[in-house]
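# Commentary on secondary and tertiary structure
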Amino acid sequence: MPESQTHSTELTSQYVAQVTGDLERNTKEQERIGVEIEALQEQLRALQHDHTVLVNMQQALGGASPAADAAPAAATSVPHQASAGPKQSKPKKVAATSAKKTAPKKPAAKTSSVKASTTAAKPTLVELIRGHLEQESEPRSAAEIAVALTQAHPDRSVKTTVVRTTLEGLVAKSHAHRAKQGSSVFYTAAVASEPAAAEPQQEAVAG
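Residues numbered from 1 in each chain as written. Predicted model: local features only at pLDDT ≥ 70, side-chain atom pairs only at ≥ 80, totals over all residues. Heavy atoms only, no water.

## So, helix α5 (residues 125-135)
Selection criterion: Relative accessibility thresholds used throughout: buried, under 20% of the residue-type maximum; exposed, over 50%; partly exposed, between the two (1.4 Å probe, protein chains only). A run of DSSP states H or I qualifies as a helix once it reaches four residues; a run of E qualifies as a strand once it reaches two. Both are numbered from the N-terminal end. By definition, the arc is the one covered by directions from the helix axis to the C-beta atoms.
If you check which residues of α5 are buried, you get L125, L128, I129, H132 and L133. End-on view of α5: buried residues confined to an arc of 130 degrees, all on one side of the axis.

Here you go:
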């Protein structure tokens, strides 16, 4: 009996360890996929914006010729608009022809320019987190950073799990430091700690 109990206890502990490991991997995978989903949503919003712009351009190009045909009719009925009618129709025709000539090149260039402008205008989550850590003199938890970034950037949805995953990535790249206090984990910027570490050495040399 004791041998069978020992064997069952070992099996139970093995199962517990395996389930715990699987649970940790599952949680990390969920966080990783969450980060990817957020990035894909930003790309989708950019593509939707491009789509709207292209549809508006297509409608404008398609409606240029009817507007030009309607201009002479308006000129005959209202004499005062006779001078304004032809002037307005000419730029539309020029714009339509020039747009048709460059139409094959515009979508690709516009998409890249829109993506470049969105990336330039909106800093990435990694940049926001690094900037926040560099501004803070005291260690901050992932939840505190998420709340601060949400208040500073209300147009962005900043989740604590995504912030924690990003922070762990910064720690792995030595861009941030992690310190555990009890059951809580706090993070500090790596840049802020380097000058502090160098000061005692300078004092010792000066002394």
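## Notes on the confidence of the model for the protein chain
Threshold: Residue-level confidence of the predictor is what pLDDT reports, using numbers from 0 through 100. In this analysis, two residues are considered to be in contact whenever any of their non-hydrogen atoms come within 4.5 Å of each other.
Scored by pLDDT, the protein chain comes out at a mean of 74, with 62% of its residues at no less than 70. pLDDT under 50 marks residues 81-86. Its contacts with residues more than four places away, or in other chains, come to 3 contacts. Predicted confidence for residues 192-207 stays below pLDDT 50, and this span has 1 contact to residues more than four positions away or in other chains.

## Brief notes about the environment of K159
Note on placement: K159 falls in the loop between α6 (142-152) and α7 (160-172). Here the alpha-carbon distance between K159 and A146, two residues 13 residues apart in the chain, equals 6.2 Å.

## Quick word on the pattern of salt bridges
Note the following rule: Salt bridges are identified by distance alone: a Lys or Arg side-chain nitrogen within 4 Å of an Asp or Glu carboxyl oxygen.
Taken as a whole and judged by the stated rule, the model has 7 salt bridges. When the shortest N-O distance is used, the salt bridge between R32 and E29 registers 2.3 Å. Of this pair, R32 and E29 both sit in helix α1 (residues 2-62), 3 residues apart, which is roughly one turn of the helix. E29 gets classed as partly exposed once you look at its relative accessible area, which sits at 35%. It is possible to trace a salt-bridge network through shared partners that takes in E29, R32 and E36.

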